[in-house]
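# Residue-level structural notes
So you can see what is in the structure, the chains are spelled out below.
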Amino acid sequence: MKKILVVMLLAIVTPVLINAASSDIEKILKVEVTEDFFTIYSIDGDFGKQECTTGNPIAFRVSDFPNSHDKMLSIALSAYVSGKKVSMWFSGCQNSPWSGTMPKPTSIVIQD
């Protein structure tokens, strides 16, 4: 029974880990907020394109984070106001609100 649970867990976790990638550590140029998402723009270039067509800006959709969108926006604004850099974890690509594709963020982290 334990072996079956371990195999099932690996089957679930492995694809997530394979698709997960971290961004470059960048300083935020600006934060834009709309009804459907907030967007962060990098000062120095892109956050990392991964397999996508663009890596800057990155949009955090409300629909992707119904329970934590406000917390992620607070982290982005805190980093922007304090001049700290941020990094993110991505999970594949998603359609950009503007054109092409961009990394789909799953988290945002304030860095030193």
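Let me begin by describing the structure that accompanies this report. (Residues numbered from 1 in each chain as written. Predicted model: local features only at pLDDT ≥ 70, side-chain atom pairs only at ≥ 80, totals over all residues. Heavy atoms only, no water.)

## So, the nonpolar core
Soluble globular proteins tend to pack their nonpolar side chains together in the buried interior. Judged by nonpolar contacts, the single largest core of 15 residues is most densely connected at I40, F60, M88 and I108. Where this core is concerned, the elements lending two or more residues are β3 (37-42), β4 (58-61), α2 (69-82) and β5 (85-95). Here the element with the most residues in this core is α2; it accounts for 4 residues. Contact partners of I40, with chain neighbours within four places excluded, come to I28, K30, V31, F47, N56, P57, I58, F60, A76, V86, M88 and I108. (Core = buried A, V, L, I, M, F, W, Y, C linked by side-chain atoms within 4.5 Å. Buried < 20%, exposed > 50% of the residue type's maximum accessible area, 1.4 Å probe, protein only. Helix = DSSP H or I, 4+ residues; strand = E, 2+ residues; numbered from the N terminus. Contact = heavy atoms within 4.5 Å.)

## Description of the pattern of salt bridges
Applying the stated rule across the entire model yields 1 salt bridge. Between K84 and D112 there is a salt bridge; the shortest N-O distance is 3.8 Å. Of the two residues, K84 is situated in the loop between α2 and β5 and D112 in the segment after β6 (101-111); the sequence distance between them amounts to 28 residues. Overall, the relative accessible area of 34% leaves K84 in the partly exposed class. The class for D112 is exposed, based on a relative accessible area of 86%. (Salt bridge = Lys/Arg side-chain N within 4 Å of Asp/Glu carboxyl O.)

## Quick notes on the pairing of β5
Where strand β2 (residues 26-33) meets β5, 2 bridges bridge the pair, whose relative direction is antiparallel. Paired with E26 across the bridge in β5 is V86. Sheet topology note: the β5/β6 ladder contains 9 bridges and is antiparallel. Bridge pairing in β6 places K85 opposite Q111. (Pairing = 2+ DSSP bridges.)

## Brief notes about the environment of N95
With respect to the helices and strands, the residue N95 is situated in strand β5. For N95, a relative accessible area of 57% puts it in the exposed group. Through-space distance from the C-alpha of N95 to that of C52 is 9.1 Å; in sequence the pair is 43 residues apart. The contact partners of N95, leaving out residues within four places of it in the chain, are R61, G100, T101 and M102.

## What to know about the side chain of S23
The topology assignment puts S23 in the loop between β1 (20-22) and β2. A relative accessible area of 8% places S23 in the buried class. Among the polar contacts made by the side chain of S23, one reaches the main-chain amide nitrogen of M88 at a distance of 2.7 Å. In contact with S23, not counting residues within four places along its chain, are F47, S87, M88 and F90. (Polar contact = N/O pair within 3.5 Å; in protein donor to acceptor, adjacent residues only side chain to side chain.)

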